[in-house]
Amino acid sequence: MIYFDHAATTAVHPEVVNEMEPYFERLYGNPSGAYEFSADVKEILQRVRQRIADSIHAEKEEIYFTSGGTESDNWALIGAAEGLKERGRHIITSCIEHHAVLRTCEYLESRGYEVTYLPVDSEGRVSVNMLKNTIRPDTILISIMFANNEIGTIQPIHEIGMFARKQGILFHTDAVQAYLHEKIDVRKLPVDLLSASSHKFQGPKGVGFLYIRSGIVLPSFMHGGGQERGRRAGTENVPAIVGMGKAVALGMRDYEVNHRKLLRMREYLIRRIVTEIPYCQINGSRSQRLDGNVNVSFKYLEGESLIILLDMEGICVSAGSACSASEHTVSHVLQGIGLPEETARGTIRISLGAENTIDELNLFVKKLKLLVEQLREFSDEYQQQKE
Ligand SMILES: *Cc1c(COP(=O)(O)O)cnc(C)c1O
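**Student:** Would you mind going over the sheet that holds strand S10 (residues 293-298) with me for this structure?
**Tutor:** Where strands meet in a sheet, backbone hydrogen bonds hold them as pairs that are either parallel or antiparallel. Read across the open sheet, the three strands follow the order S9-S10-S12; overall the sheet is antiparallel. The strands lining the two open edges of the sheet, one partner per strand, are strand S9 (280-282) and strand S12 (347-351). Mean inter-strand twist for the sheet, computed between neighbouring axes without regard to direction, equals 25°. Here five bridges tie S10 to S12, and the two strands are oriented antiparallel to one another. In the strand pairing of S12, Asn293 is matched with Ser351. Each of S9, S10 and S12 touches helix H10 (residues 255-276); the most contacted strand, S10, lies at about 10° to it.

Set out below in structure tokens:
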């Protein structure tokens, strides 16, 4: 099998599995226990917290463990909205956010909040000027993703953060795709809340974190025990948190190597596709792009069919995003960058990981060329313009 869907999820690194192993049967103590057996477990959680904090130059008190990207986004948005409702009820986001943000915004709209969904340009970038014109005296929160999961576009997060800070508006970024792929330093980056998810960087599923800048009061989202300094109740998923910690350590250690390797593979793949396959276009930005993302539209075919044929060859790629795959509607992100429906329908996303190889890319391009040609045989339009 060739796996090119790392934006959907990644394999857990073998060293991560090893690290987690003792925390199931041997070191199973509840971190809240009052005895020595629990103290060791509590201690490891603090070490992981410190390691994650170090990875973005935060303090360990600013890192809160969650069940993943979705919970972090929900907490950031709903928490901020509830906490600041006396000040205002207006929220600004973009039209190409992950559903974890968009659907949460829709929920907030149903609770009496007003949400502005900023449009993006043809590369998927939010306009900072437009954002500046959208704020109102009652704007309480701006939530703009660091990098898009479908087209890989990186947003002008620094500029947005500077502006938000000057205006005294809370700023959240969904950094699930960017964390450990882009350098993040919260000492310089004016972001107040930042979401990340372990299974996108070779850690286990169902665990992630929310960075909450110190001084920011975010109401709890999970109510119960006093875990996470009283802000996120529930017994900690210790093995998963330990695994996430190891994945962070590996991601930091291999950052440069992986970054360079992924960039090289991405550029190689883009070059081969655009030079060897007619009637296709790369979506997103060529310069402000996640290192492993290739999003490409082929004219005269259905992306869904292409994905099925690739799957029969043992190659996993995705149509836009894992979340929209089952919905059979055109992806809101491709709509957001203004792709005509016909072009959007012929789109696939290839998201590379560090364990992919040039050999896999070569085999993929070979199959892709054949399958694209094969599918186009069914297109009358294609036949007509060939004549
Ligand atoms: C995967 C993803 C999420 C959701 O994270 P989970 O841990 O799967 O809940 C949120 N935002 C973005 C940008 C993602 O890619």
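**Student:** Quick question: what am I supposed to make of a nonpolar patch on the surface here?
**Tutor:** Taken together, the side chains of Tyr28, Tyr35 and Phe37 present a nonpolar region at the surface, about 350 Å² in accessible area. With respect to the secondary-structure elements, Tyr35 resides in the loop between helix H2 (22-25) and helix H3 (36-55).

**Student:** Is there a simple way to explain the domain arrangement of the protein chain in this structure?
**Tutor:** On domain assignment, one finds that the protein chain holds domain 1 (2-8 + 255-386) and domain 2 (14-253). Domain 1 puts 28 residues into the contact, and the matching count from domain 2 is 33 residues. Between domain 1 and domain 2, a total of about 2400 Å² is buried, with carbon and sulfur atoms accounting for 51% of that surface. Sorting the residues of domain 1 by area buried against domain 2 places Tyr255, Leu290 and His332 first, and these three jointly supply 30% of that buried surface. Summed over the shared surface of domain 1 and domain 2, the result is one salt bridge. Lys183 is paired through a salt bridge with Glu256; the nearest N and O atoms lie 2.8 Å apart. Taken together, domain 1 and domain 2 are joined by 15 residue pairs in polar contact (both at pLDDT 80 or more). Residue assignment for the side of domain 1 that touches domain 2 shows that the elements contributing at least two residues are H10, S10 and helix H12 (332-336). Of the residues in the side of domain 1 that touches domain 2, the class split is nine nonpolar, 13 polar and six charged.

**Student:** Even after reading the chapter, I still don't get the nonpolar core, so can you show me in this structure?
**Tutor:** The nonpolar side chains of a soluble globular protein tend to be buried with one another. Among the nonpolar cores identified, the biggest contains 61 residues, and Ile52, Ile142, Tyr179 and Ile184 are the most heavily contacted of them. If one sorts the elements of this core by residue count, helix H9 (residues 238-253) sits on top with eight residues. Three or more residues apiece are contributed to this core by two domains, here domain 1 (2-8 + 255-386) and domain 2 (14-253). Residues in contact with Ile52, not counting those within four places in the same chain, are Ile63, Phe65, Tyr179, Phe209, Met244 and Val248. Leu269, Ile315, Val365 and Leu375 belong to the second largest nonpolar core, which has 29 residues in total.

**Student:** Looking at this structure, I do not really get the site of the ligand. What am I missing?
**Tutor:** Looking at the ligand, there are 13 residues lining it, with Thr70, Asp174, Gln177, Ser197 and Lys200 nearest. Note that an oxygen atom of the ligand is positioned 2.7 Å from one of the side-chain N or O atoms of Gln177. Ser197 is positioned such that a nitrogen or oxygen atom in its side chain is 2.6 Å from an oxygen atom of the ligand. Isolated, the ligand exposes 380 Å² of accessible area, and the fraction of that covered by the protein chains is 87%. A per-element tally of the shell around the ligand places helix H4 (residues 69-83) first, with three residues.

**Student:** Is there a simple way to think about the pairing of strand S3 (residues 90-94) in this case?
**Tutor:** Sheet faces and side chains relate simply in a regular strand, where the side chains alternate between the two faces. S3 sits mainly inside the fold: five of its five residues count as buried. Neither face of S3 is open: one carries His90, Ile92 and Ser94, the other Ile91 and Thr93, and all of them are buried. Judged from the five bridges that link them, S3 and strand S4 (residues 114-118) form a sheet pairing that is parallel. Along S4, the bridge assignment pairs Ile91 with Val115. Handedness of the β-α-β unit built from S3, helix H5 (residues 99-110) and S4 comes out right-handed. Sheet analysis places S3 next to strand S5 (residues 139-143), joined by four bridges and oriented parallel. Following the sheet pairing, Ile91 is matched in S5 by Leu141.

**Student:** What exactly am I supposed to notice about the packing of aromatic side chains here?
**Tutor:** For any pair of aromatic rings, geometry is given as the distance between the ring centres together with the angle between the planes. Counting across every chain of the model gives eight aromatic pairs. Relative to Phe209, the ring of Tyr179 lies with its centre 5.2 Å away and its plane at 80°, an arrangement referred to as edge-to-face. Here Phe209 lies in strand S8 (residues 208-212) and Tyr179 lies in the loop between strand S6 (170-174) and strand S7 (193-197), a separation of 30 residues in the sequence. For the pair Tyr179 and Phe209, a shared accessibility class is recorded, and that class is buried. When the ring of Tyr300 is compared with that of Tyr382, the centres are 5.4 Å apart and the planes differ by 45°; the resulting orientation is tilted. Taken together, the residues Tyr300 in the loop between S10 and helix H11 (303-312) and Tyr382 in helix H15 (residues 380-386) connect sequence positions 82 residues apart. Both residues of the pair, Tyr300 and Tyr382, count as buried.

**Student:** Can you help me understand H5 in this one?
**Tutor:** Because each turn of an α-helix spans 3.6 residues, side chains separated by three or four positions in sequence point in the same direction. In this model H5 runs 16 Å from its N-terminal to its C-terminal C-alpha over 12 residues, within 8% of the 16 Å that 1.5 Å per residue would give. Residues of H5 that are buried: His99, Ala100, Val101, Leu102, Thr104, Cys105 and Leu108. Tucked into the core, H5 has its buried residues touching H4, S3, S4, S5, S6 and H12. After H5 finishes, the residue Gly112 shows a positive phi value of roughly 95°.

**Student:** What is the right way to read the pattern of salt bridges from this model?
**Tutor:** Note on pairing: side chains with opposite charge can pair once their charged atoms come close. Applying the stated criterion to the full structure yields 22 salt bridges. Residue Arg49 is joined to Glu228 by a salt bridge in which the shortest nitrogen-to-oxygen separation is 2.8 Å. A residue pair is termed long-range when its members are at least 10 positions apart, and Arg49 in helix H3 and Glu228 in helix H8 (residues 227-230) qualify at 179 residues. Given a relative accessible area of 8%, Arg49 falls into the buried group. A salt bridge links Arg136 to Glu114; the nearest nitrogen and oxygen atoms lie 3.1 Å apart. In this pair, Arg136 sits in the loop between helix H6 (128-134) and S5 while Glu114 sits in strand S4, placing the two residues 22 residues apart along the sequence. Here Arg136 falls in the partly exposed class, since its relative accessible area comes to 28%. Of the residues examined, Glu114 reaches a relative accessible area of 44% and is grouped as partly exposed. Each member of the salt-bridge network shares a partner with another, and the members are Glu114, Arg136 and Asp138.

Conventions adopted
Each residue is numbered by its place in its chain's sequence as written, counting from 1. In view of the model being predicted, local features appear only for residues whose pLDDT reaches at least 70, and side-chain atom pairs are presented and counted only at 80 or more, with totals across whole chains, interfaces and linings using the full set of residues. The side-chain numbers reported here are obtained from all heavy atoms of the structure, hydrogens and water having been left aside. If DSSP finds at least two bridges between two strands, the strands pair. In this text, helices come from DSSP runs of H or I with a minimum length of four residues, and strands from runs of E with a minimum of two, each type numbered from the N-terminal end. Only the stretch in contact is used when a helix axis is fitted, and all axes are lines through C-alpha atoms; the angle between N-to-C directions ranges over 0 to 180 degrees. Contacts: residue pairs with any heavy atoms within 4.5 Å of one another. To count toward a patch, a residue needs a relative accessible area over 30% and no salt bridge; like charges are then connected within 9 Å, while nonpolar side chains (Val, Leu, Ile, Met, Phe, Trp, Tyr) are connected within 5 Å. Accessibility throughout is a Shrake-Rupley quantity obtained with a 1.4 Å probe, and a residue counts as covered only by protein chains that appear here. Basic side-chain nitrogens of Lys or Arg form a salt bridge, by our definition, when they fall within 4 Å of a carboxyl oxygen of Asp or Glu. For the domain bounds, the source is a domain assignment made automatically or taken from a database. Accessible area, probed at 1.4 Å, shrinks when two parts are joined; the buried area is that loss added up over both. Distance and chemistry together define a polar contact, namely a pair of N or O atoms within 3.5 Å, with one atom able to donate a hydrogen and the other to accept it when in protein, and with adjacent residues in sequence counting only for side-chain atoms on both sides. Three residue categories are used. Nonpolar comprises Ala, Val, Leu, Ile, Met, Phe, Trp, Tyr, Cys and Pro, charged comprises Asp, Glu, Lys and Arg, and polar comprises the others, including Gly. Note on terminology: a nonpolar core comprises buried Ala, Val, Leu, Ile, Met, Phe, Trp, Tyr and Cys residues joined through side-chain atoms within 4.5 Å. Classification of residues uses two cut-offs on accessible area relative to the type maximum, computed with a 1.4 Å probe and protein chains only: under 20% is buried, over 50% is exposed, and between them is partly exposed. The nearness test applies per residue and asks whether one of its heavy atoms lies within 4 Å of the molecule or strand. By convention, orient the strands away from the viewer: a clockwise path from the first strand over the helix to the second makes the crossover right-handed. Only Phe, Tyr and Trp rings take part, Trp by its six-membered ring, and two of them pair if their centres are within 6.5 Å. Stacked means planes under 30 degrees apart, edge-to-face means over 60, and tilted covers everything else. In this scheme, a helix's expected span is set at 1.5 Å multiplied by one less than its residue total.

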